[in-house]
Amino acid sequence: MIYNYITALVQYGLEHGLITEEDRCFAVNSLLKSLRLDDYEEAFGVSGASLEDILGALCDYACEKGIIEDSIVYRDLFDTELMGCLTPRPSQVSAAFWQDYGVSAELATDNYYRFSGDTNYIRRDRVSRDIKWKTETEYGLLDITINLSKPEKDPKAIAAAKLAKQSSYPKCQLCMENVGYAGRVNHPARENHRIITVDICGGQWGFQYSPYVYYNEHCIVFNYEHTPMVIDKSAFDKLFDFVRQFPHYFVGSNADLPIVGGSILSHEHFQGGRYDFTMAKAPIEKNYTVKGYDDVLVGRVKWPMSVIRLSGENTDRITELAAVILEKWRGYTDENAFIFAETEGEPHNTITPIARKNGRIYELDLVLRNNITTAEHPLGVYHPHAELHHIKKENIGLIEAMGLAVLPSRLKGEMERLAQVLVNDGIGAVRSDPILEKHADWAEEFASRTEITSDNVLDVIRNEIGKVFMQVLEHAGVYKRNSEGMAAFDRFVDTLN
């Protein structure tokens, strides 16, 4: 039976263009080596089996034979090893990409994105489990995702990771050295990972897709050098250099300070993709002029966070003005608005930039950020406040700032339980439930103004989660959406003249 699944996996590789008929014997022998087999008999494949089914059966065999332990971490390491047996060499992938690019940038990314799924680097089966919906707000439709594609580690793997020898290779999960890496219990396997080298402002950068694709064609662009995140004029120039080469993609950067930055500040990287975020469609609610930059349109975006949009046909002029705004913001203090450039020598102000091309016009959105903390808000004043932590406690990075909530997997079970309790036991039972108690204040508030039935309960809960995310973004905005906050926003822009 094991031969049927080996045959099925090889056939999958042939059908998806990962290998050719000339590669068949080599692929079979590579799989036999991983499965500790010395013999092979040509067999029929497995009719109707998906890639997930095939890899699952091969992992089951490996567990039964003691080749791997039966846990999600070890199974992931092993099925990636198996897919590595079918994945072309990096030079072949790169050559195919640039040949496609000679036709069009869109063809190149279309084929590379499909390839990244076909190799199971993007685990389509897991990504498809993510729960997604949109919520209408005064700022437009916000995207909400409960992330189920990133597997939870089991206790045995966690314990093994603590005991594992510490390694600095690769230095982080973004480094080039991940390509083809076998992985370990505390670092994912990447035998099926291939990166495209692109020139960004004269330097070598890697272009790849995120294995968790939170939105369509979610890509990562990273410096070949393991160098820290820095937001400066050169960062703005790099963003636009990428957009010029891939004008159908947006690209942005997380901020370069803790709390308001991304999860990896030690390695310079950007995130982009082919998706129209609601922030990109948000209108300009007030126009400004900056002396000496009449050729650049400057506007305040109608958005829960504090965003300045620069637009024009000349990217050099846009990045020059962006650098002026960044420098001014880095040193800007407005005590009346609780904006402090630094406290006790610790800098607080930075920017989350996003670049895109809209027809002939280039746009650069500058999200003003500040990471100051207080005793009342120890995780950040401009961070989700404690009353929202039952839904979202994590940092607000680039993706969230653009209008997409990436919510923890625990919410799936909690929301299903909440729906059941509201319908069967009533709102009074929520506070006494040990799992749901943290949601009680929120649930009591929306239940008091909404008629809840078995038919609408899940829709009501999803809509209310979306409203919480809108509040999350408003908390993260350094200038509040009221007359005082907008006046303070204007005061900052006035300092540019």
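Residues numbered from 1 in each chain as written. Predicted model: local features only at pLDDT ≥ 70, side-chain atom pairs only at ≥ 80, totals over all residues. Heavy atoms only, no water.

K.L.:
Go over the layout of surface pockets, please, and point to the residues and values.
P.N.:
Considered as a void within the structure, the second largest pocket measures approximately 760 Å³ in volume. L18, L86, T87, P88 and R89 are the residues nearest the centre of the second largest pocket, which is lined by 35 residues in total. Looking at the lining of the second largest pocket, the elements that each hand over two or more residues are α2 (24–34), α4 (72–84), α5 (90–101) and α6 (105–118). Looking at the lining of the second largest pocket, its residues break down into 16 nonpolar, 10 polar and nine charged. (1 Å grid on protein atoms, 1.4 Å probe; cavity = no way out; pocket = protein on both sides within 12 Å on 5 of 7 lines; lining within 4 Å. Points joined across faces, edges and corners; volume = space filled by probe spheres on them. Helix = DSSP H or I, 4+ residues; strand = E, 2+ residues; numbered from the N terminus. Nonpolar A, V, L, I, M, F, W, Y, C, P; charged D, E, K, R; others polar.)

K.L.:
Outline the nonpolar core, supporting the account with residue identities and numerical values.
P.N.:
Judged by nonpolar contacts, the single largest core of 100 residues is most densely connected at L9, F207, L310 and Y479. Not counting chain neighbours up to four residues away, the residues in contact with F207 comprise F97, T109, Y112, I195, I196, V198, C219, I220, V221, F222, F242 and Y249. Within the second largest apolar cluster, 52 residues are counted, among which are A401, V406, V460 and V468. (Core = buried A, V, L, I, M, F, W, Y, C linked by side-chain atoms within 4.5 Å. Buried < 20%, exposed > 50% of the residue type's maximum accessible area, 1.4 Å probe, protein only. Contact = heavy atoms within 4.5 Å.)

K.L.:
With reference to specific residues and values, describe the sheet that holds strand β7 (residues 269–273).
P.N.:
Strand pairing in a sheet is mediated by backbone hydrogen bonds. Such pairs are either parallel or antiparallel. On the basis of which strands lie adjacent, the open sheet formed by 10 strands has the order β3-β4-β5-β7-β6-β13-β14-β10-β9-β8 and antiparallel pairing. Two strands lie at the open edges of the sheet, namely β3 (196–200) and β8 (284–288), each paired on one side alone. Within the sheet, the average angular offset between the axes of one strand and its neighbour, ignoring direction, is 25°. Here strand β10 (residues 307–312) pairs with strand β14 (residues 361–370) via six bridges, running antiparallel. Paired with R309 across the strands is D365, a residue of β14. In the packing of helix α16 (residues 483–494) onto the sheet, contacts are made with β8, β9 (297–301), β10 and β14, and the angle to β8 comes to roughly 30°. (Pairing = 2+ DSSP bridges. Axes fitted to C-alpha atoms, helices over the stretch in contact; angles between N-to-C directions.)

K.L.:
Kindly report on the pattern of salt bridges, identifying the contributing residues and their values.
P.N.:
Under the definition given, this model contains 40 salt bridges. Ionic pairing is found between R244 and D241, a salt bridge with its closest N-O pair at 3.9 Å. You can see R244 and its partner D241 sitting in helix α9 (residues 233–245), three residues apart, about one turn around the helix. Judged by relative accessible area, R244 falls into the partly exposed class, the value being 38%. Exposure remark for D241: the relative accessible area of 13% places this residue in the buried category. Between R356 and D365 there is a salt bridge whose closest N-O contact spans 2.8 Å. By relative accessible area, R356 is classed as buried at 9%. Relative accessible area serves as the criterion here: at 0%, D365 is assigned to the buried category. (Salt bridge = Lys/Arg side-chain N within 4 Å of Asp/Glu carboxyl O.)

K.L.:
Could you give an account of the packing of α5 against α6, with specific residues and numbers?
P.N.:
Describing two packed helices takes the angle between their axes plus the distance from one axis to the other. Two elements in contact, α5 and α6, have axes separated by 6 Å at closest approach and are oriented at 150°. From α5, V93, F97, D100 and Y101 reach across to α6, where they touch A105, L107, A108, T109, N111, Y112 and F115. Broken down by class, the residue content of the contact of α5 with α6 amounts to eight nonpolar, two polar and one charged.

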